[in-house]
Amino acid sequence: MATARVVITVAPTGAEVTRANNPNIPYSPEEIAEEAIGASREGAAVAHLHVRKDDGTPAADAELFQRTIAAIRTGSEMLTMVSTGGAVWMTMEERMTGIEADPDVIGIEVESLNFDGDPFITSNEDIRKLAAEADRWGKPLEIEAFDVGHVATGVRLIDEGVLPRGTAFNLVVGVPGGMPADFRGLQLMADFVHDRSPWGVTAIGRNQTRMLAQAMMLGAQCIRVGFEDNVYLKRGVLAESNAALVRQATDVAEKLGFEIGNVDDARAYFGLS
Ligand code: KMH
Ligand code: ZN
């Protein structure tokens, strides 16, 4: 049996955690890029990006995305993906600013939920607007699915031709209000993925490592780690960097018998030539 390969995505900063949670969280474009590049040296092939103001407030600013992506590209060949989830309070226009930074991949929400208690809304109109923008820029999308219904909607949008065939799914478990970080939930979400789509898993919080192990055993081709999802290396021990979190994920993947995917594997995963 050929050894399966797993692409690792790093999410260096996100929008919810702050330096009160972990003082090592990067805020400036240069800090975010340095963290992404450090993570790429440990095996991350993709960087999922949000940007921040100097004080750590989530930002919706094309220039910050541009600086971050330019800095990453000077130090790594890893793929860059911009979030269009942004922060719960952003308008869709604000959430879409990262596209102007010419990333390799664009994230897309296809449903709504109470995200840890806050309404996080993505309308049908938003989805179509974003899908059209991604098409105009010639960029692949990654569907961010927070529950099984989101996966079902992603499948329907592909079948209706709103989203391209082969669009990747990121199954996110552990956001309060979404699918819990629980073995039964992840299995169910994976069962619903479109049969021609690659899929990966993001697990928020303390069950992260065991959920990512389950994801790989279920056939996930991509796993995500980073401060956006979890600031601890293990119970009570804050991670010193995103690279440390990636090193841990790499270690687990290799112990389970997987090889770590490189940038070419990441390009194939997203259907990039
Ligand atoms: N910050 C959350 C509201 C994404 O990047 O697409 C949305 C989020 C998911 O982080
Ligand atoms: Zn994100």
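Here's a quick rundown of the structure. (Residues numbered from 1 in each chain as written. Chains lettered and ligands numbered in written order. Predicted model: local features only at pLDDT ≥ 70, side-chain atom pairs only at ≥ 80, totals over all residues. Heavy atoms only, no water.)

Below, the discussion takes up the pattern of salt bridges. Close approach of charged atoms allows side chains of opposite charge to pair. Scanning the entire structure with this criterion turns up 18 salt bridges. The shortest N-O distance in the salt bridge between Arg128 and Glu160 comes to 3.8 Å. Placement of the pair is Arg128 in helix H4 (residues 124–137) and Glu160 in the loop between helix H5 (148–159) and strand S10 (168–173), with a sequence separation of 32 residues. For Arg128, a relative accessible area of 37% translates into the label partly exposed. Here Glu133 ties to Arg136 by a salt bridge, and the two come within 2.8 Å at their closest N and O atoms. Residue Glu133 and its partner Arg136 are located together in helix H4, separated by 3 residues, close to a single helical turn. (Salt bridge = Lys/Arg side-chain N within 4 Å of Asp/Glu carboxyl O. Helix = DSSP H or I, 4+ residues; strand = E, 2+ residues; numbered from the N terminus. Buried < 20%, exposed > 50% of the residue type's maximum accessible area, 1.4 Å probe, protein only.)

The next point concerns the site of ligand 1. Among the 14 residues in the neighbourhood of ligand 1, the closest are listed as Glu16, Ser83, Gly86, Glu109 and Glu228. For ligand 1, a nitrogen atom lies 2.8 Å from a polar atom in the backbone of Gly86. Within the shell around ligand 1, the residues separate by chemical class into 5 nonpolar, 5 polar and 4 charged. (Near = heavy atom within 4 Å. Polar contact = N/O pair within 3.5 Å; in protein donor to acceptor, adjacent residues only side chain to side chain. Nonpolar A, V, L, I, M, F, W, Y, C, P; charged D, E, K, R; others polar.)

Tetrahedral metal sites with four donors have an ideal angle of 109.5 degrees; octahedral sites with six donors have ideal angles of 90 or 180 degrees. His48 (NE2), His50 (NE2) and Glu228 (OE) make up the full set of protein donors to the zinc ion (ligand 2), lying at 2.1 Å. On the basis of relative accessible area, His48 is assigned to the buried category, the value being 4%. Residue His50 is classed as buried on the basis of its relative accessible area, which comes to 8%. (Donors = N, O, S within 2.8 Å, 3.2 Å for Na, K, Ca; no water.)

So, on to the pairing of strand S12 (residues 222–225). Judged by which residues are buried, S12 turns out to be covered on both faces: Cys222 and Arg224 on one side and Ile223 and Val225 on the other are all buried. Where strand S1 (residues 5–10) meets S12, 4 bridges bridge the pair, whose relative direction is parallel. Across the sheet, the residue bridging to Val7 is Cys222, located in S12. Here strand S11 (residues 199–203) pairs with S12 via 3 bridges, running parallel. (Pairing = 2+ DSSP bridges.)

This next bit is on the side chain of Asn230. Following the sequence through the fold, Asn230 ends up in the loop between S12 and strand S13 (232–234). The exposure class of Asn230 is buried, given its relative accessible area of 11%. Within polar-contact distance, the side chain of Asn230 engages the side chain of Gln208 at 3.0 Å. Apart from residues lying up to four places away in sequence, Asn230 is in contact with Gly205, Gln208 and Leu245. (Contact = heavy atoms within 4.5 Å.)

Scanning all chains against the criterion turns up 4 aromatic pairs. Judged by centre distance (5.6 Å) and plane angle (80°), the ring pair of Phe115 and Phe120 falls under edge-to-face. A single burial state applies to Phe115 and to Phe120, both of which are buried. Seen from their ring centres, Phe120 and Phe146 are 6.3 Å apart, and the 85° between their planes marks the pair as edge-to-face. One end of the pair, Phe120, is in strand S8 (residues 118–120); the other, Phe146, is in the loop between strand S9 (141–145) and H5, with 26 residues separating them in the sequence. Residue Phe120 is classed as buried on the basis of its relative accessible area, which comes to 5%. You can call Phe146 buried: its relative accessible area is 6%. Here a set of aromatic residues connected by ring pairs shows up, and it is made of Phe115, Phe120 and Phe146. In this structure, Arg19 packs its charged tip against the face of Tyr27, placed 3.8 Å from the ring centre. (Phe/Tyr/Trp six-rings, centres within 6.5 Å; stacked < 30°, edge-to-face > 60°. Lys NZ or Arg CZ within 6 Å of the ring centre and 35° of its normal.)

The buried count for strand S6 (residues 105–109) comes to 5 of 5 residues, which makes it a mostly enclosed element. Both faces of S6 are covered, namely the face carrying Val105, Gly107 and Glu109 and the face carrying Ile106 and Ile108. Two strands pair when backbone bridges link them, and strand S5 (residues 79–82) and S6 are joined in this way by 2 bridges, in the parallel orientation. Bridge pairing in S6 places Val82 opposite Ile106.

Okay, the environment of Val7 next. As for its position among the elements, Val7 is in strand S1. Non-local contacts of Val7, meaning those with residues more than four positions away in its chain, are made with Ala45, Val46, Gln221, Cys222, Ile223, Gly261, Asp265 and Ala266.

All right, on to unusual backbone geometry then. The phi torsion at Asp102 lies on the positive side, around 55°, for a residue other than glycine. Along the chain, Asp102 turns up in the loop between helix H3 (92–95) and S6. Here Asp116, not a glycine, exhibits a phi torsion of approximately 50°, which is positive. If you trace the backbone, Asp116 turns up in the loop between strand S7 (113–115) and S8.

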